[in-house]
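# Reading the structure
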Amino acid sequence: MRISDRQTSRNYLSYLEKAKTAYAETNERIASGNRFTRISDDVSAATKALRIRVDKSKAEEYYDNVSAVSEQLSTTEDAMTSINEILGKVHTKVLSAMNSTSGDSGRETLADEIEDLRDEILQFANTTYNDMFVLGGSSAGNAPFSFDDSGNFLYNEIDVNSIEHDDSGYFYMDGTTRTDIPMSGEIYVDIGLGISMTGSNVDSDSAMKTSYSGLEIFGYGEDDDGNTNNIFNMLTQLSENLTDYDEDAVGTYDDKLLSYTETFRGYLTDIGAKTSFLDTIKNRITDSIDTYESQISRLIGVDDAEEASNQSMNDYVLKAVLSMGADIIPVSLMDFLN
Amino acid sequence: MRSTFSGMDIARSAIVVNQIAQDVVANNIANIDTEGYTRQRVERAATAVSSYSSRISSNALENNGTGVAALGVSQVRDSFLDKCYRDENSISSCYSQTADILNDILSVFPDGADITDESGLIGGLETLYTNLTTFIQSPTSESEANLVKTAFTNLTQILNQLDSGLTTVCQRQTEDLQTTVDRTNDLLEQISSLNSNIAADSTIMANSGSEYCQSNELLDERNLLLDELSTYGDINVTENSDGTVNVEMGGKLVVEKGEYDSLSLNIDENSYVDVVWRTSGNSVLLSGGSIRAYVDVINGRGSNVQSNAETSVQGIPYYRDRINEFASALADVANSTIPATIDSSKTITSYKTLLGGYESDDTEAKAVTAGNISISDEWTTDGAGYIIYSDSENVEDYAQLLSNKLFENSYTFSSYGETYSGTFSNYTIDMLGKIGTDVSFNEGRSEATATVADDYLSSRDSVSGVQQDEETANMLVYQRSYQAASRMMTVMDDMLDTLINEMGALGT
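As a starting point, this report considers the structure included with it.

Thresholds, definitions, all that
- Residues numbered from 1 in each chain as written.
- Chains lettered and ligands numbered in written order.
- Predicted model: local features only at pLDDT ≥ 70, side-chain atom pairs only at ≥ 80, totals over all residues.
- Heavy atoms only, no water.
- Helix = DSSP H or I, 4+ residues; strand = E, 2+ residues; numbered from the N terminus.
- Rg over C-alpha atoms; globule rule 2.2 N^0.38 Å.
- Buried < 20%, exposed > 50% of the residue type's maximum accessible area, 1.4 Å probe, protein only.
- Contact = heavy atoms within 4.5 Å.
- Areas by Shrake-Rupley, 256 points an atom, 1.4 Å probe, with all protein chains shown as cover.
- Lys, Arg positive; Asp, Glu negative; His and termini not counted.
- Charge placed at Lys NZ, Arg CZ, Asp CG, Glu CD.
- Pairing = 2+ DSSP bridges.
- Axes fitted to C-alpha atoms, helices over the stretch in contact; angles between N-to-C directions.
- Parallel < 35°, antiparallel > 145°, perpendicular 65-115°, else oblique.
- Polar contact = N/O pair within 3.5 Å; in protein donor to acceptor, adjacent residues only side chain to side chain.
- Buried area = accessible area lost by both parts, 1.4 Å probe.
- Salt bridge = Lys/Arg side-chain N within 4 Å of Asp/Glu carboxyl O.
- Core = buried A, V, L, I, M, F, W, Y, C linked by side-chain atoms within 4.5 Å.
- Disulfide = S-S within 2.5 Å.
- Patch = residues over 30% accessible without salt bridge, like charges linked within 9 Å, V, L, I, M, F, W, Y side chains within 5 Å.

## Considering the overall build of chain B
A tally of regular secondary structure across chain B gives 12 helices and 14 strands. At 38 Å, chain B has a C-alpha radius of gyration far larger than the 23 Å of a compact globule built from 508 residues. Along the first, second and third principal axes, the C-alpha set of chain B runs to 155 × 45 × 35 Å. For chain B, the residues scored as buried account for 49% of the 508 residues in total.

Here it is in structure tokens:
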């Protein structure tokens, strides 16, 4: 085959270009830590990596959600533990009032103390975490629990004794109109259990409920005998009946207080169970984030050992091509003429 | 009877021809690196007394060969290799230009150009998800609602940027196409004018008796132009007897000797391009070359083709359809989730409008597109808290519903001929995957066809390129042959000396 000089130099230049490109590409991969970044360089790996990236960003969100829920639960737990202690104290006071030998004045003092304890519970009932009332359903802004001027206990401005509950939530009768209780909704947070919804309602087993309904915890409405189910109203009644000393009424309300305390402890245990469930979930999410990261790095990351050997190979090839150029290009028969 | 000086004349003809041959060697070496230069060689023939009969017309000794003559200087070139190279070159440049434009489109998408980038649609969706989740936890909080608004604003701005990015690519590529069309017209004109020169020269040469030879330098120049022309379109070159060529481009005769047609570029109101022949006004139909790549990608609407102006390549209009569909789907979901009014039977009677499409004069557009999407006027006027369904109602479920619709549920994206079912993220990844696949396919094809074209180029160089060794060898041969002829002259001279000076001088 006849090899013209132009062929030799063109081929040589293309070898040189290839060697230099390989050299530059390897260097870039090593510097960036990525095998490639442009989607067209490896479409299948890149689209997989993008999908995993979307999943990973969700998992990171779940992780944040779980952390936030944990903190909120621990705030709730603190508040409820304190309330539990106070409830114990109230019962002791009722007992000592009933067995008191110091007469009306002694009972009145104890009645005042019970009222003070009730107000203390109110403080805890309105505990906030991150500007949200942990026992206030979906309330934000104003404290959900309060007393009106005549001593009625209110939830979001509604008398709790008038509140009822059915399948579609809490309500009260405004005349003959059924009216929903504001801010009594439930808040669910997606923690990666595969959230699903029916209409605009989150299916309760597909997400974590983070709102604790204060109505459920502190009681609402009245029982069949027309006695309040609400702890604050019970305490008010206890204090009033102690002042007036209606022994039967005090007995009734003390019984209700005891049974209420039982129920309340149930909620407290429930929080403990939720906390440990969240720890499990948190570990699982951490694991999956790690998995996603390693998958992404496997797909687009650089194999250090491979790139290192590529680099020395490139170096060798480039030097070889350069020295070949120095040897080949200028030599012709012309150089051997005398 | 042999003439006295016949031998000297033969030696003289050898001296002259070798001098010419040596000149050609010098010319070849001088042009060893000249682009498009075809190596030349002296066409020589043995001469005889009688030029109309055969070289050795009789066995009469006096009519024996009379030396050598240089007929002219010719080129060593294989026109088959020219054709192979040009065919392959036009295919290769079509692929490589397609890959270039698609790469340009790919660069518009930040997460396609760098899949770890956060500033593209995928990053925007991630931010929206995060902010929406924060809002879900505090569903009545104005400040968290503002985060959602910010994330939506961010996403609409990304869509606006993508749209203007595609517009810029379209403009830039259309300008490039205009340049290419101008250059092609230039080439066609130059080729036809070279044709005229070559034809004139060949007439002169025929008259001066050197019909073998053409104006080599003009031929080289014309071949270079034809090579370049094959980058822009598929061409077919046929040679005429007078040295001119006819050129067909896309099956149409565009250069016929000294005449040529030219291209012109039309751009319609939808930014579609059409390259037409100036004489007939018909569209140019090319099967290769970069002009085809430009037209295909600038007008390419994939499976959404609506008119003859569009091509089925997934080009600029196709990706514009994709982002427009993204924008309209986003607005559709955002505007049909949070209730504005609910009647007494708890049926939602109207929804809040979160996103809208607005013309440049702020009037509402007919359809939401990537170019006009933005936060709705209502949301802007009412402040971030607009998305809170009602301060006194349960809103958390609607925020969660929005999040589910955007990030969990499958949405059916349908635009013209194409539908895709999946989440917004998957839709985006599918779109980026498509463009990535197209770029990588065209880059691969471009590389493969360029290798074949290079092979032909190499074969052509092998035939037509100058080789220094060969020229050096020739140089030595011609030098020796020149020396031999000169020596011959001396010998003849000696013989004549004998004849003239020694004869008849016997005994003096």
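## With respect to the overall build of chain A
What chain A contains, in helices and strands, is 7 helices and 12 strands. Taking 20 Å as the expected radius of gyration for a compact globule of 338 residues, we find that chain A reaches 37 Å, considerably beyond that expectation. Along the first, second and third principal axes, the C-alpha set of chain A runs to 140 × 45 × 30 Å. Counting every position in chain A, which comprises 338 residues, the buried fraction comes to 44%. Residue pairs at least 24 apart in sequence account for 65% of intrachain contacts in chain A once pairs closer than 6 positions are excluded. Carbon and sulfur atoms make up 48% of the accessible area of chain A, which totals about 16900 Å². Measuring between centres, the 26 positive side-chain charges of chain A sit 21 Å from its 61 negative side-chain charges.

## Examining the sheet that holds strand β6 (residues 164-166) of chain A
All names here are of chain A. With respect to topology, 3 strands assemble into an open sheet ordered β6-β7-β8, the strand pairing being antiparallel. This sheet does not close on itself; its edge strands, each paired only once, are β6 and β8 (177-180). Going from strand to strand, the sheet's axes swing by 45 degrees on average, the running direction of each strand aside. Bridge count for β6 against strand β7 (residues 169-174) is 3 bridges, and the pairing is antiparallel. Pairing of D166 across the sheet is with G169, part of β7.

## Remarks on the packing of helix α3 (residues 103-125) of chain A against helix α5 (residues 231-244) of chain A
The relative placement of two packed helices comes down to the angle between their axes together with the axis-to-axis distance. Residue and element names in this part refer to chain A. The N-to-C vectors of α3 and α5 enclose an angle of 170 degrees; their axes lie 8 Å apart at closest approach. The angle between the axes of α3 and α5 places the two elements in the roughly antiparallel class. Where α3 approaches α5, its residues R107, E108, A111, I114, E115, R118, I121, L122 and A125 are matched on the opposing element by F232, L235, T236, S239, L242 and T243.

## Some words on the side chain of T184 of chain B
Its location among the elements puts T184 of chain B in helix α5 (residues 142-207). For T184 of chain B, the side chain forms a polar contact with the main-chain oxygen of T180 of chain B, separated by 2.7 Å.

## Things to note about the interface of chain A and chain B
On the chain B side, the residues contacting the 55 residues of chain A number 63 residues. Counting the surface lost from both chain A and chain B, the interface buries some 5100 Å², and carbon and sulfur atoms represent 51% of this. Taken as a group, R2, R6 and R53 of chain A account for 15% of the area that chain A buries against chain B, more than any other trio of residues on that side. Put simply, chain A and chain B have 5 salt bridges between them. The partner of E126 of chain B in a salt bridge is R53 of chain A, with the nearest N and O atoms 3.2 Å apart. If you look at where chain A meets chain B, you find 23 residue pairs in polar contact (both at pLDDT 80 or more).

## Overview of the nonpolar core
Core analysis: the biggest nonpolar cluster contains 168 residues, and F218 of chain A together with I105, F152, L177, L330, L406 and F424 of chain B have the highest contact counts within it. Broken down by element, this core gets its largest block of residues, 19 residues, from helix α2 (residues 43-98) of chain A. Setting aside chain neighbours within four positions, we find F152 of chain B in contact with L128, L330, A334, L355, I375, W379, L402 and L406 of chain B.

## A closer look at the state of the cysteines
Under the definition given, this model contains 0 disulfides over all chains. Not engaged in a disulfide, the cysteine C170 of chain B finds its nearest cysteine sulfur in C94 of chain B; these two sulfurs lie 18 Å apart.

## A few points about a nonpolar patch on the surface
On the surface, a nonpolar cluster with roughly 340 Å² of combined accessible area is contributed by L333, F336 and L337 of chain A together with L476 of chain B. Within the fold, L476 of chain B resides in helix α12 (residues 468-502). Accessibility expressed as a relative area gives 32% for L476 of chain B, which makes it partly exposed.

## Looking at a negative patch on the surface
All names here are of chain A. Negative charge collects at one region of the surface, where E108, D112, E115, D116, E120, E240, D244, D246, E247 and D248 lie side by side. Those elements giving two or more residues to the negative patch turn out to be α3, α5 and α6 (247-300). Position of E115 among the secondary structure elements: in helix α3. Overall, the relative accessible area of 31% leaves E115 in the partly exposed class.

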